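Spelled out from the first residue to the last, the chains are:
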Amino acid sequence: MSGKGAPQATATVDATGLDVVVIAGTWHETITDGLIAGAQRALDGSGATSRVVRVPGSFELPVVAKAALEAGADAAVALGVIIRGGTPHFEFVSNAATDGLTRVALDTGKPVGFGVLTLDDEAQGIARAGLPGSVEDKGFEAADAAIRTALVLRALRQAQ
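Anyway, here's the lowdown on the structure attached to this text. (Residues numbered from 1 in each chain as written. Predicted model: local features only at pLDDT ≥ 70, side-chain atom pairs only at ≥ 80, totals over all residues. Heavy atoms only, no water.)

**Quick look at the environment of G139**
Within the secondary structure, G139 is located in helix α5 (residues 138-158). Residues G139 and T149 lie 10 residues apart in sequence; the distance between their C-alpha atoms is 16 Å. Not counting the four nearest positions on each side in its chain, G139 is found in contact with L35, G38, A39 and L79. (Helix = DSSP H or I, 4+ residues; strand = E, 2+ residues; numbered from the N terminus. Contact = heavy atoms within 4.5 Å.)

**Remarks on helix α1 (residues 29-46)**
Between its first and last C-alpha, α1 extends 26 Å over 18 residues, near the 26 Å set by a 1.5 Å rise per residue. Among all positions in α1, only I31, T32, G34, L35, I36, G38, A39, A42, L43 and S46 are buried. The inward-facing, buried residues of α1 contact β1 (19-24), β2 (49-54), β3 (75-83), β4 (112-119), α4 (122-128) and α5. Looking one or two residues past α1, G47 carries a phi angle of roughly 90°, positive in sign. (Expected span 1.5 Å × (residues − 1). Buried < 20%, exposed > 50% of the residue type's maximum accessible area, 1.4 Å probe, protein only.)

**A few points about the sheet that holds β2**
With parallel pairing, the 4 strands of this open sheet are ordered in space as β2-β1-β3-β4. Taken across any chain shown, the strands that pair with only one partner, and hence form the sheet edges, are β2 and β4. Recorded for the sheet is a direction-independent mean angle of 15° between the axes of neighbouring strands. Packed on one face of the sheet, α1 meets β1, β2, β3 and β4 and runs near 160° to β3. (Pairing = 2+ DSSP bridges. Axes fitted to C-alpha atoms, helices over the stretch in contact; angles between N-to-C directions.)

**Topic: the nonpolar core**
Core analysis: the largest hydrophobic core is formed by 26 residues, its most contacted members being L18, V20, L43, V77, L79 and I147. Those elements that provide at least two residues to this core are β1, α1, β3, β4 and α5. Apart from residues lying up to four places away in sequence, I147 is in contact with V13, A15, L18, A42, L43 and S46. If you look at the next biggest cluster of nonpolar residues, it comprises 17 residues, including I23, V55, A68 and A78. (Core = buried A, V, L, I, M, F, W, Y, C linked by side-chain atoms within 4.5 Å.)

**Some details on the pairing of β3**
Among the 9 residues that make up β3, 8 are buried, leaving the element largely enclosed by the rest of the structure. One ladder, built from 5 bridges, connects β1 with β3; its direction is parallel. In the strand pairing of β3, V20 is matched with A75. Taken together, the 8 bridges between β3 and β4 define a ladder with parallel strand orientation.

**A short note on the side chain of S58**
Secondary-structure assignment places S58 in the loop between β2 and α2 (61-70). Once residues within four sequence positions are removed from consideration, S58 is found in contact with G80, V81, I82, V93, A97 and V116.

**Looking at unusual backbone geometry**
For H28, which is not glycine, the phi torsion reads 55° and is therefore positive. Within the secondary structure, H28 sits in the loop between β1 and α1.

**Observations concerning the packing of α2 against helix α3 (residues 89-108)**
In the contact formed by α2 and α3, the axes pass within 8 Å of each other and the chain directions differ by 15°. As judged from the angle between their axes, α2 and α3 are roughly parallel. Crossing hand, α2 versus α3: right-handed. Along the contact surface, α2 presents L61, P62, A65, K66, L69 and E70, while α3 presents A96, A97, G100, L101, V104 and T108. A class-by-class count of the residues in the contact of α2 with α3 yields 8 nonpolar, 2 polar and 2 charged. (Parallel < 35°, antiparallel > 145°, perpendicular 65-115°, else oblique. Left-handed = near helix turned anticlockwise from the far one by under 90°. Nonpolar A, V, L, I, M, F, W, Y, C, P; charged D, E, K, R; others polar.)

Structure representation (structure tokens):
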């Protein structure tokens, strides 16, 4: 597991006034629900307002993130689970989700917290989902990154 070197949040930031949309796929429900719970912990602790929107899978995350940001959300948090199978489908969906979410952030000028897990097996997802016994909480991390980036962008825009 590559959590080594990850930054440790020393304090919860005050994100009062930020509107954040969490977009989550429906595949691998136990893992995804853990990611959502972690994201919600970060958002609740920051004072940001948030809502969760479910989409069929990770491929659909970019278009819904773009719609949420264009509708006025300050940040989006994209959560999904893609587990490698026996065909190239894993690479196609992983690349499409990653490239699409990057494009959304750049096109809108708003942050997209990246919580899409690309895994070899379900056990890797359980270890990263913020569930009891998990060693990482990628949902929390993705939401925290989105919040912190939205605050940096707000400060930069206000300084102009």
